[in-house]
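So you can see what is in the structure, the chains are spelled out below.
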Amino acid sequence: MEKEQLLEQAIAARENAYVPYSKFPVGAALLTSDGKVYLGCNIENAGYSLTNCAERTAMFKAVSEGDRTFTALAVSADTEGPVSPCGACRQVLAEFCAPDMPVYLTNLKGDVQDTTISELLPGAFTPEDLKYAAGK
Ligand SMILES: O=c1ccn([C@H]2C[C@H](O)[C@@H](CO)O2)c(=O)[nH]1
Ligand SMILES: [Zn+2]
């Protein structure tokens, strides 16, 4: 799967966004090691804090279908520069994705920022951090 194809899919995934409150559609495309792509969009709620971001929608779809091995993620929104994933999504991504996994952030103007999971959330709290206390 080419980076460009994944970016295209993230842009297309915005079409299903449910965004009556923010009117800010976001799309995500999460690539598995098997070459499967899970799409995600943001899904808002009248109880605003219950909103689910595009990145977490894609991740939760994949995990709920039994896929946990990921090789790349693309995210798209209509932002001035490449879209910046929120803190909650950065933490959820760090749970399942390798620190060096590529993440492609884009906007509708074609700006692309290549980054990684660990660049998005340096020092993430991970499953490893739970092992010290568990081993006492
Ligand atoms: O990376 C991001 C940033 C924001 N949002 C959503 C949450 C909310 O629905 C809207 C405005 O914050 O955009 C995402 O889905 N992903
Ligand atoms: Zn988010």
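Please read all numbers here as calculations on a predicted model, not as lab measurements.

Parameters at a glance
- Residues numbered from 1 in each chain as written.
- Chains lettered and ligands numbered in written order.
- Predicted model: local features only at pLDDT ≥ 70, side-chain atom pairs only at ≥ 80, totals over all residues.
- Heavy atoms only, no water.
- UniProt positions renumbered as here; feature names shortened; annotations may be inferred.
- Helix = DSSP H or I, 4+ residues; strand = E, 2+ residues; numbered from the N terminus.
- Contact = heavy atoms within 4.5 Å.
- Near = heavy atom within 4 Å.
- Polar contact = N/O pair within 3.5 Å; in protein donor to acceptor, adjacent residues only side chain to side chain.
- Areas by Shrake-Rupley, 256 points an atom, 1.4 Å probe, with all protein chains shown as cover.
- Nonpolar A, V, L, I, M, F, W, Y, C, P; charged D, E, K, R; others polar.
- Donors = N, O, S within 2.8 Å, 3.2 Å for Na, K, Ca; no water.
- Buried < 20%, exposed > 50% of the residue type's maximum accessible area, 1.4 Å probe, protein only.
- Axes fitted to C-alpha atoms, helices over the stretch in contact; angles between N-to-C directions.
- Parallel < 35°, antiparallel > 145°, perpendicular 65-115°, else oblique.
- Left-handed = near helix turned anticlockwise from the far one by under 90°.
- Salt bridge = Lys/Arg side-chain N within 4 Å of Asp/Glu carboxyl O.
- Pairing = 2+ DSSP bridges.
- Right-handed = clockwise from strand over helix to strand, strands pointing away.

## Some thoughts on the UniProt feature "active site" (unreviewed entry) in the protein
1) Next: UniProt records the feature "active site" (unreviewed entry) for Glu55 in the present numbering.
2) Next: Along the chain, Glu55 turns up in helix α2 (residues 54-64).
3) Next: Residues in contact with Glu55, not counting those within four places in the same chain, are Val26, Ala28, Val75, Pro85 and Cys89.

## Notes on the site of ligand 1
1) Next: Taken together, Ser22, Phe24, Val26, Asn42, Glu44, Thr51, Cys53, Ala54, Glu55, Ser84, Pro85 and Cys86 are the residues near ligand 1.
2) Next: Between ligand 1 and Glu44 there is a distance of 2.5 Å, counted from an oxygen atom to a side-chain nitrogen or oxygen.
3) Next: Within the side chain of Glu55, an N or O atom sits 2.6 Å from an oxygen atom of ligand 1.
4) Next: Alone, ligand 1 offers 370 Å² of accessible surface; in the complex the protein occludes 78% of this.
5) Next: When grouped by side-chain class, the residues that make up the shell around ligand 1 number six nonpolar, four polar and two charged.

## So, the coordination of the zinc ion (ligand 2)
1) Next: Taken together, Cys53 (SG), Cys86 (SG) and Cys89 (SG) make up the full set of protein donors to the zinc ion (ligand 2), lying 2.2 to 2.3 Å away.
2) Next: Every donor residue of the zinc ion (ligand 2) comes from the same chain, spaced as C-x32-C-x2-C. Within this pair, whereas Cys53 is found in the loop between β2 (37-41) and α2, its partner Cys89 is found in helix α3 (residues 87-96), the two being separated by 36 residues in sequence.
3) Next: Overall, the relative accessible area of 0% leaves Cys89 in the buried class.

## Description of α3
1) Next: Buried within α3 we find Cys89, Arg90, Val92, Leu93 and Ala94.
2) Next: Here the buried face of α3 lies against α2, β3 (70-77) and α4 (117-120).

## Regarding the packing of α2 against α3
1) Next: Two elements in contact, α2 and α3, have axes separated by 9 Å at closest approach and are oriented at 30°. In terms of orientation, α2 and α3 fall into the roughly parallel class. Note that α2 runs across α3; the crossing there is left-handed. Residues Glu55, Arg56, Met59, Phe60 and Val63 of α2 form the contact with α3, whose own contacting residues are Ala88, Cys89, Val92, Leu93 and Phe96.
2) Next: Of the residues assigned to the contact of α2 with α3, the class counts are eight nonpolar, no polar and two charged.

## Looking at the pattern of salt bridges
1) Next: Scanning the entire structure with this criterion turns up two salt bridges.
2) Next: Here Lys3 makes a salt bridge to Asp114, at a shortest N to O gap of 2.9 Å. Residue Lys3 is found in helix α1 (residues 3-13), and its partner Asp114 is found in strand β5 (residues 112-116); the two are separated by 111 residues along the sequence.
3) Next: The salt bridge partner of Glu128 is Lys131, with a shortest N-O separation of 2.8 Å. Pair check on accessibility: Glu128 and Lys131 agree, each one exposed.

## Concerning the pairing of β3
1) Next: Within β3, seven of the eight residues are buried, leaving the element largely enclosed by the surrounding structure.
2) Next: Sheet analysis places strand β1 (residues 26-32) next to β3, joined by seven bridges and oriented antiparallel. Within the sheet, the bridge partner assigned to Val26 lies in β3 and is Ala77.
3) Next: Here four bridges tie β3 to strand β4 (residues 102-106), and the two strands are oriented parallel to one another. For Ala74, the partnering residue across the bridge sits in β4 and is Tyr104.
4) Next: As a crossover connection, the stretch from β3 through α3 into β4 is right-handed.

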